[in-house]
Amino acid sequence: MKKIWAGVAIIFIFLFAFGLRVWFLKDLALTFGYDQARDAYVSQQIAGGDLKVLGPPASTPGLYHGVFYYYLLAPAYLLGNGSPVAAAYWIAFLNSLTVFVVFYLTYLLTKKNLLASFLATILFAVSFEASQYAIWLSNPTTSILTVPLFYLGLWLWIKEKKNYAPIIAAVGLGLSIQSEIFLAYHLVPLAIWLWISRKNITKKQLLTFTVSLLVVLSTMIFAEIKFGFKG
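Scoring rules and cut-offs
Residues numbered from 1 in each chain as written. Predicted model: local features only at pLDDT ≥ 70, side-chain atom pairs only at ≥ 80, totals over all residues. Heavy atoms only, no water. Helix = DSSP H or I, 4+ residues; strand = E, 2+ residues; numbered from the N terminus. Contact = heavy atoms within 4.5 Å. Lys, Arg positive; Asp, Glu negative; His and termini not counted. Charge placed at Lys NZ, Arg CZ, Asp CG, Glu CD. Salt bridge = Lys/Arg side-chain N within 4 Å of Asp/Glu carboxyl O. Buried < 20%, exposed > 50% of the residue type's maximum accessible area, 1.4 Å probe, protein only. 1 Å grid on protein atoms, 1.4 Å probe; cavity = no way out; pocket = protein on both sides within 12 Å on 5 of 7 lines; lining within 4 Å. Points joined across faces, edges and corners; volume = space filled by probe spheres on them. Nonpolar A, V, L, I, M, F, W, Y, C, P; charged D, E, K, R; others polar.

Participant: How should the overall build of the protein chain be read in this particular structure?
Facilitator: A tally of helices and strands in the protein chain yields 12 helices and zero strands. Listing the helices and strands of the protein chain from first to last along the sequence gives α-α-α-α-α-α-α-α-α-α-α-α. For the protein chain, the C-alpha atoms occupy an extent of roughly 45 × 45 × 30 Å along the three principal directions. Within the protein chain, contacts between residues at least 6 apart in sequence are counted, and of these 69% link residues at least 24 apart. Here the protein chain contributes 17 positive and 8 negative side-chain charges, whose respective centroids are spaced 19 Å apart.

Shown next as structure tokens:
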């Protein structure tokens, strides 16, 4: 019964978080500049069958983020007939899903303390910064979900010893780097954790993580090869 009520509560927090993030969208309170127009154009090209491998340009000349963001937006622009508001609702929905990751990660970190888990989840749900990011149509937005997912996977791998966890960690890290190339700095805490826990990590787990990470980053690697290693 306790788990049922906890499940109902977390779903309510999710719905509240989503409602808070899209509260002003009905009034078209949305920033839409050059970057957003470019991303909308490319995403609609993808939706129309013109596949891409090069993502949005980074502020450093020659560097490009991953193309994942374009593919993430494509269904929203397709179903919304090119409306950026539809894309904002979609991104806000994905942002709100982070409440589940925050809850579960805190639950594990605090050794199943429900009070701390709900407190962390509520703080994220009402976070001004998180809510503002939720409808910002720019590639770093997706990292709000993927970075916590990476650390959840890492914890499940190192502490909970789950066989599937290296894949979750790799997907979280890979998509984070795709969304914002400079988020590759998360490789540093990853290396530290793996070094400290090296006695409990198998070669198979490392291989699974490495292969999964390379698969997620494959479009960025291919883009570097295709465009002459601009990065």
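Right, picking up where we left off after that structure.
Participant: Whenever I open this one, the side chain of D39 confuses me. Can you help?
Facilitator: As for its position among the elements, D39 is in helix α2 (residues 34–47). The residues touching D39, leaving out its near neighbours within four places in the chain, are P56, Y69, Y70, L73 and L137.

Participant: I'm lost on the pattern of salt bridges in this one. Help?
Facilitator: Opposite charge on two side chains permits pairing when their charged atoms draw close. The tally for this structure, following the rule as stated, stands at three salt bridges. When the shortest N-O distance is used, the salt bridge between D35 and R38 registers 3.5 Å. Linking D35 with R38, this pair stays in helix α2, spanning three residues, or about one helical turn. What makes D35 partly exposed here is its relative accessible area of 36%. R38 sits in the buried class, given a relative accessible area of 17%. D39 is the salt-bridge partner of R38, the closest N and O atoms lying 3.0 Å from each other. In this structure, R38 and D39 share a single accessibility class: buried.

Participant: What's the story with the layout of surface pockets in this structure? I'm lost.
Facilitator: Left-over empty space is what a probe sized like a water molecule reveals as it rolls over the atoms. Size it by volume and the largest pocket reaches roughly 250 Å³. Lining of the largest pocket is provided by L20, R21, W23, F24, A29, L30, T31, S131, Q132, I135 and W136. Secondary structure elements with two or more residues in the lining of the largest pocket: α1 (2–21) and α7 (128–134). For the lining of the largest pocket, a count of residues per class yields seven nonpolar, three polar and one charged. In this model, the second largest pocket occupies a volume close to 150 Å³. As for the second largest pocket, its lining consists of K2, K3, A6, G7, F103, Y107 and L114. For the lining of the second largest pocket, the secondary-structure elements that each account for two or more residues are α1 and α5 (98–109). Tallying contributions element by element places α1 first for the lining of the second largest pocket, with four residues.

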